[in-house]
Amino acid sequence: MNYMILAAIILPILAGGGLLLAPERVFADRPGLLKVTGVSFVVSALLAVGVIAGVGGSSLMLFQLVDGIPVYFAVDSLGRAFAGIVVLVFLVAGFFSFVYMSHEKNERRYYAFYQITFGVLMGLCFSGNLVTMYLFYELMTLASVPLVIHQGSREAVMAGLKYLFYSFCGAYMALFGIYFLYQYAICAGVREPWHDFYISAGVVGFVPGGAFNMDAVVQSGNTGLCLVAVFLMIAGFGVKAGCFPLHAWLPAAHPVAPAPASAFLSGIIVKGGVLAIIRTVYYCVGPDFLRGTWVQTAWAVLAIVTLLMGSTLAFKEKVLKKRFAYSTVSNLSYILLGLSMMNASAFTGSILHVIFHAVIKSGLFLTAGALIFLTGRTKVNDFMGLGKRMPILFWSYTIVSLGLIGIPPTSGVISKWYLAVGCLESGLAGLSWIGPVALLVSALLTAGYLLPLSIRGFLMEPDYNAVRSDYREPKPLMLVPVAVLAVLTLALGIIPAPLIGFVQNSIAAALF
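Just so it is clear, the model here is predicted, and its values are computed rather than measured. Position labels on residues start from 1 in each chain and follow its written sequence. In keeping with the model being predicted, local features are shown solely for residues with a pLDDT of at least 70 and side-chain atom pairs are shown and tallied solely at 80 or more, while totals for entire chains, interfaces and linings include all residues. No hydrogens and no water enter the side-chain calculation; it runs on all heavy atoms of the structure.

Trainee: In this structure, what is going on with the overall build of the protein chain? I would like to understand it.
Mentor: In terms of helices and strands, the protein chain carries 20 helices and 2 strands. Referenced to the eigenvectors of the C-alpha coordinate spread, the extents of the protein chain come out at roughly 75 × 55 × 45 Å. Surface accessibility in these figures is a Shrake-Rupley result with a 1.4 Å probe; residues are shielded only by whichever protein chains are displayed. Just so you have it, the protein chain exposes about 18,100 Å², and 68% of that area is on carbon and sulfur atoms. Placing the 29 positive and 19 negative side-chain charges of the protein chain at their respective mean positions leaves the two points 10 Å apart. Strands are runs of DSSP state E lasting at least two residues, helices are runs of H or I lasting at least four, and both sets are numbered from the N terminus onward. Counting rule for charge: Lys and Arg are taken as positive, Asp and Glu as negative, and neither His nor the chain ends is counted. Charged side chains are reduced to one point each, which is NZ for Lys, CZ for Arg, CG for Asp and CD for Glu.

In structure tokens form, the structure reads like this:
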């Protein structure tokens, strides 16, 4: 039995539980709490990196829920890609929080649920079948809610309840789809070449290109019902990714959550919905079953609507973290649009944007957190002239902003190029050119809502009613994570070939 996978999932959860349940006197002094938490962060990350690197094997059958439905873990290229970016954001946002959380109450509880969420995310990334993925998808919601309601204010609690309500509604839609797929697709059998795999892994494992026998579904006359089931799963899992019309939890949750939690939510947790959609479409039913159907068209239309709506609302928003939340709504729909095109170029662009957006958006939220921590202010117009006093922070913000806009040589231009090419190659009537136009319009809006902070920070005189003379760069533990993410944004844009090769050879090429 491969215990490395289990350790990467369970130990962070146990570490978080230990922090949560330990008597108050054990962590009475803050330096001791930070040392223990920092060590557990590093150990958790190293265990995850070990699994990503293939140490100790790549699969684990834990136990059977019922006959034929096991809790099963399997590490593949897609899981490695998602887990790698989870580890990166977990570490940078985690160590950033050591400074940020110094002015927050219930700091120990925050670190506890932060680590528990990380362990659950590892379980989601390494899930080997549909049921295991669904279990960890639900646990991800439950584990991350305390991060949203951390402040304990009425606004925070209401945002947490909205997050729960929307997430559960989406999850139940997906569960409804799973029931129907199990009855009409899974029970019809799996593709013959993978028969031996399913004897050991259970009948709901993931296979690139689609595991379920959808030919049997077509022959049985249940195509329409299964298309509805798949659409429910796409729409349900899309709630976590902020897809219209159930996107409103994002702008409600981010302004009240601590900034490092917002970075983790926006950079990583929303990607849980993307991962679930990819597993459903590309690893369960297969893209061939959906190409040219109303499901593909409806999915692409929803993505385009959400993309433009999110950018427009972000452009109009004056509260900095809420502006970034609407930006997340928009950029997650870039990814969903690419996935809906169902061709190799668009799929490559979507996976690249998963990675680039996680780096960039984490940098944006951590910058917002540093500014809020230092000034106590939250509006976009509150930081005039601060670029001259915090040049490293503002230059880092500017670089990641250019990445999100998609300006060379930053990484965002690479993923957007593949997404635009994929739309043009899709052959979908109308949508093949509407998609690239929507991407261009959204990029212009993105420039309009991100760059003013840099322009006002560097080029305008400070508002002396709002800016104190003692404002300086944040502490290194705050500044270094933001700078690292900015450097990554540049590096992945200047030297993208290794990552593109990994995506194309290990993921996209296996699906088409």
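Having seen it, we continue.
Trainee: I'm lost on the environment of Leu 453 in this one. Help?
Mentor: Among the structural elements, Leu 453 can be located in helix α18 (residues 431-459). Separated by 303 residues in sequence, Leu 453 and His 150 place their C-alpha atoms 28 Å apart. Contacts were defined at the residue level, with two residues in contact if any of their heavy atoms lie within 4.5 Å. If we ignore the near neighbours within four places in the chain, the residues touching Leu 453 are Leu 320, Leu 371, Val 380, Phe 383, Phe 394 and Tyr 397.

Trainee: Looking at this structure, I do not really get the packing of helix α9 (residues 223-240) against helix α13 (residues 294-316). What am I missing?
Mentor: Packed helix pairs are specified by the crossing angle of their axes together with the interaxial distance, meaning the distance between the axes. Lines are fitted to the C-alpha atoms to define the axes, a helix being fitted only along its stretch in contact, and any angle between axes, read from their N-to-C directions, falls within 0 to 180 degrees. Where α9 meets α13, the axes come as close as 10 Å, and the angle between the chain directions of the two elements is 20 degrees. When the interaxial angle is binned, α9 and α13 end up roughly parallel. For the element pair α9 and α13, the recorded crossing hand is right-handed. Judged by residue contacts, Leu 227, Val 228, Phe 231 and Ile 234 of α9 engage Trp 294, Val 295, Ala 298, Trp 299 and Leu 302 from α13. Each residue is assigned to one class: nonpolar for Ala, Val, Leu, Ile, Met, Phe, Trp, Tyr, Cys and Pro, charged for Asp, Glu, Lys and Arg, and polar for all the others, Gly among them. Each residue belonging to the contact of α9 with α13 can be placed in one class, and the counts come to 9 nonpolar, no polar and no charged. We call two directions roughly parallel when the angle between them is under 35 degrees, roughly antiparallel when it is over 145, roughly perpendicular when it lies between 65 and 115, and oblique otherwise. In this scheme the crossing of two helices becomes right-handed for a clockwise turn of the near helix relative to the far one and left-handed for an anticlockwise turn of less than a right angle.

Trainee: Can you help me understand the nonpolar core in this one?
Mentor: Taken as a class, soluble globular proteins show a tendency for nonpolar side chains to be buried jointly. Counting 174 residues, the largest nonpolar core has Phe 126, Val 274, Ile 278 and Leu 339 as the members making the most contacts within it. By residue number, the principal contributor to this core is helix α11 (residues 259-285), which donates 18 residues. For Phe 126, the residues in contact, after removing those within four places along its chain, are Ile 5, Val 51, Ile 52, Tyr 72, Phe 73, Ala 74, Val 75, Gly 79 and Ala 83. Nonpolar cores are built from buried Ala, Val, Leu, Ile, Met, Phe, Trp, Tyr and Cys residues. Side-chain atoms within 4.5 Å join them into one set. The buried label goes to any residue with under 20% of its type's maximum accessible area, the exposed label to any with over 50%, and the partly exposed label to all in between, with areas taken from a 1.4 Å probe on protein chains only.

Trainee: Which parts of the structure should I look at to understand the pattern of salt bridges?
Mentor: As a working rule, side chains carrying opposite charge can pair if their charged atoms are close by. Each salt bridge in this description consists of a side-chain nitrogen of Lys or Arg and a carboxyl oxygen of Asp or Glu lying within 4 Å of one another. Here the structure, examined in full by the defined rule, presents 3 salt bridges. Salt-bridge contacts for Glu 107 lead to Arg 30; the nearest nitrogen and oxygen are separated by 2.8 Å. With a gap of 77 residues between them, Glu 107 in helix α4 (residues 107-125) and Arg 30 in helix α2 (residues 30-52) connect regions that are remote in the sequence. For Arg 30, a relative accessible area of 27% translates into the label partly exposed.

Trainee: How should I be thinking about the pairing of strand β2 (residues 69-74) in this particular structure?
Mentor: The side chains of a regular strand alternate, first on one face of the sheet and then on the other. Burial within β2 is extensive, with 6 of its 6 residues counted as buried. Covered by surrounding structure in β2 are Ile 69, Val 71 and Phe 73 together with Pro 70, Tyr 72 and Ala 74, the residues of both alternating faces. Summarising the sheet, strand β1 (residues 59-66) and β2 pair through 6 bridges and their orientation is antiparallel. Bridging across to β2, Met 61 finds its partner in Tyr 72. Here the rule is simple: two strands pair whenever DSSP picks up at least two bridges between them.

Trainee: Even after reading the chapter, I still don't get helix α19 (residues 476-494), so can you show me in this structure?
Mentor: Since one α-helical turn is 3.6 residues long, residues separated by three or four positions face the same way. Over its 19 residues, α19 runs 26 Å from end to end, which matches the ideal 27 Å to within 8%, given 1.5 Å per residue. Taken together, the buried positions of α19 are occupied by Met 478, Leu 479, Pro 481, Val 482, Leu 485, Ala 486, Thr 489, Leu 492 and Gly 493. Here the expected length of a helix is defined as 1.5 Å per residue gap, with one fewer gap than residues.

Trainee: I would appreciate a short explanation of the confidence of the model for the protein chain in the present structure.
Mentor: When pLDDT is low, close inspection of the predicted coordinates is not appropriate. The pLDDT value expresses, per residue, how confident the predictor is, ranging between 0 and 100. Across the protein chain, the average pLDDT comes to 85, with 90% of residues at 70 or higher. Across residues 188-203, where pLDDT falls below 50, the model places 34 contacts with residues more than four positions away in sequence or in other chains.

Trainee: Is there a simple way to explain the packing of aromatic side chains in this structure?
Mentor: Where two aromatic rings form a pair, the distance of their centres and the angle of their planes describe that pair. Pairing of aromatic side chains here covers Phe, Tyr and the six-membered ring of Trp, requires ring centres within 6.5 Å, and sorts the geometry by plane angle: under 30 degrees stacked, over 60 edge-to-face, intermediate tilted. Under the defined criterion, the tally for this structure stands at 27 aromatic pairs. Centroid distance Phe 394 to Phe 458: 6.0 Å. Interplanar angle 75 degrees. Geometry classified as edge-to-face. With a gap of 64 residues between them, Phe 394 in helix α16 (residues 391-405) and Phe 458 in helix α18 connect regions that are remote in the sequence. Given a relative accessible area of 2%, Phe 394 falls into the buried group. One aromatic cluster in this structure is built from Phe 41, Phe 90, Phe 95, Phe 98, Tyr 110, Tyr 111, Tyr 114, Phe 118 and Phe 264. Only when the NZ of Lys or the CZ of Arg is both within 6 Å of the ring centre and within 35 degrees of the ring normal is a charge said to sit over the ring. Taking the ring centre of Tyr 137 as reference, the NZ or CZ of Lys 240 above it sits at 5.5 Å.

Trainee: Help me understand the environment of Ala 156 in this model?
Mentor: Positionally, Ala 156 belongs in helix α6 (residues 154-186). With relative accessibility at 0%, the residue Ala 156 sits in the buried group. Considering only alpha carbons, one finds Ala 156 and Ala 252, 96 residues apart in sequence, at a separation of 8.5 Å. Every residue in contact with Ala 156, bar those within four places of it in the chain, is listed here: Val 148, Ile 149, Gln 151 and Val 256.

Trainee: Would you take a moment to explain the state of the cysteines for this structure?
Mentor: Each disulfide consists of one covalent bond between the sulfur atoms belonging to two cysteines. In what follows, a disulfide is any cysteine sulfur pair within 2.5 Å. Applying the stated criterion across every chain yields a total of 0 disulfides. As a non-bridged cysteine, Cys 169 has Cys 243 as the owner of its nearest cysteine sulfur, 15 Å distant. Cysteine Cys 243 is unpaired, with the sulfur of Cys 423 as its nearest cysteine sulfur at 15 Å.

Trainee: Even after reading the chapter, I still don't get the side chain of Thr 37, so can you show me in this structure?
Mentor: Summarising the element assignment, Thr 37 is placed in helix α2. Within polar-contact distance, the side chain of Thr 37 engages the backbone oxygen of Leu 33 at 2.7 Å. Every residue in contact with Thr 37, bar those within four places of it in the chain, is listed here: Leu 19, Phe 98, Tyr 111 and Gln 115. Two N or O atoms form a polar contact when they lie within 3.5 Å of each other; inside protein one atom must be a possible hydrogen donor and the other a possible acceptor, and for residues adjacent in sequence the pair counts only when both atoms belong to side chains.

Trainee: Just to check I follow, could you spell out the packing of helix α15 (residues 344-375) against helix α17 (residues 412-426) for this structure?
Mentor: Packing of α15 against α17 leaves a shortest axis separation of 7 Å and a crossing angle of 155 degrees. It follows that α15 is roughly antiparallel to α17 by the angle criterion. Helix-helix and strand crossings are classified by hand; for α15 and α17 the assignment is left-handed. Residues Ser 345, Ala 346, Thr 348, Gly 349, Ser 350, Leu 352, His 353 and Phe 356 of α15 touch α17, and the partners they reach there are Gly 412, Ile 414, Ser 415, Lys 416, Tyr 418, Leu 419, Val 421, Gly 422 and Glu 425.

Trainee: Honestly, the side chain of His 353 in this entry has me stumped. Any pointers?
Mentor: Note that His 353 resides in helix α15. On the accessibility criterion, His 353 (2% relative accessible area) is buried. Polar side-chain contacts of His 353 include one of 2.8 Å to the side chain of Ser 415. With sequence-adjacent residues up to four places away left out, His 353 is seen in contact with Asn 331, Tyr 334, Ile 335, Ala 358, Ser 415 and Lys 416.

Trainee: Is there a simple way to think about α18 in this case?
Mentor: Over its 29 residues, α18 runs 40 Å from end to end, which matches the ideal 42 Å to within 8%, given 1.5 Å per residue. The principal kink in α18, of about 35 degrees, is found at Leu 451, preceding the proline Pro 452 by one to four residues. Two axes are fitted around each residue, one to the seven residues ending there and one to the seven starting there, and the angle between them is reported as the bend at that residue.

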